[in-house]
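Tertiary structure, described
Spelled out from the first residue to the last, the chains are:
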Amino acid sequence: VLAKVHVPMRGELTYGTLEIYTTLLLTALAAETLGLLISASVSNADRAQSLVPIVLIPQIIFVGGPLATNFSYLVSSVTITRWAIEAMKITVEIPYRGQAGFDGPDLLLRWVVLLAEACVFFVGAALLVRNKKAKAG
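Below you will find a few notes about this structure. (Residues numbered from 1 in each chain as written. Predicted model: local features only at pLDDT ≥ 70, side-chain atom pairs only at ≥ 80, totals over all residues. Heavy atoms only, no water.)

1. What to know about the pattern of salt bridges
Considering all chains together, one arrives at two salt bridges under this definition. Among the ionic pairs, Arg 82 bridges to Glu 86, the shortest N-O distance being 3.2 Å. Taken as a pair, Arg 82 and Glu 86 lie in helix H4 (residues 80-91) at a separation of four residues, close to a single helical turn. Taking the relative accessible area as the measure of exposure, Arg 82 reaches 8% and is therefore buried. Where Glu 86 meets Arg 110, a salt bridge forms, and the shortest distance between an N and an O atom there is 2.7 Å. On the criterion of sequence distance, the pair formed by Glu 86 in helix H4 and Arg 110 in helix H5 (residues 104-136) is long-range, its members being 24 residues apart. For the pair Glu 86 and Arg 110, a shared accessibility class is recorded, and that class is buried. What emerges from the salt-bridge pattern is a single network uniting Arg 82, Glu 86 and Arg 110. (Salt bridge = Lys/Arg side-chain N within 4 Å of Asp/Glu carboxyl O. Helix = DSSP H or I, 4+ residues; strand = E, 2+ residues; numbered from the N terminus. Buried < 20%, exposed > 50% of the residue type's maximum accessible area, 1.4 Å probe, protein only.)

Take a look at the structure:
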């Protein structure tokens, strides 16, 4: 992102590069916990690998871009990609879905959603693993 887009020195809350890094870190955390949830929900690695495209393709399709219909934008509210891309666009000051005036609370909301998704996926994975252990033991 930094090689292709001019990131302002001053972001909405702190330095622009630090905001981009924070967004990417939270995105990676949410994606990793989603992977844990997929892994915990199946019995072997082959089944997990077959589920990955089923989960990832909607992440790409329902990113919630400027041409998205109201339905697809609503669906995108449960994807990781929408919140990550909106957070980066806020930092680099790119209008998104007709909104030109983003500020710090908008960025914080996107970060909180990414963190909440990571927590939900992690708790779901932990519960599935606990349930498997209870059935096995």
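2. As for H5
If you check H5, its first and last C-alpha atoms are 48 Å apart, about what 33 residues at 1.5 Å a residue would give, namely 48 Å. Within H5, burial applies to Gly 104, Leu 107, Arg 110, Trp 111, Val 113, Leu 114, Glu 117, Ala 118, Phe 121 and Ala 125. Looking at the buried residues of H5, the elements they touch are helix H1 (16-41) and H4. (Expected span 1.5 Å × (residues − 1). Contact = heavy atoms within 4.5 Å.)

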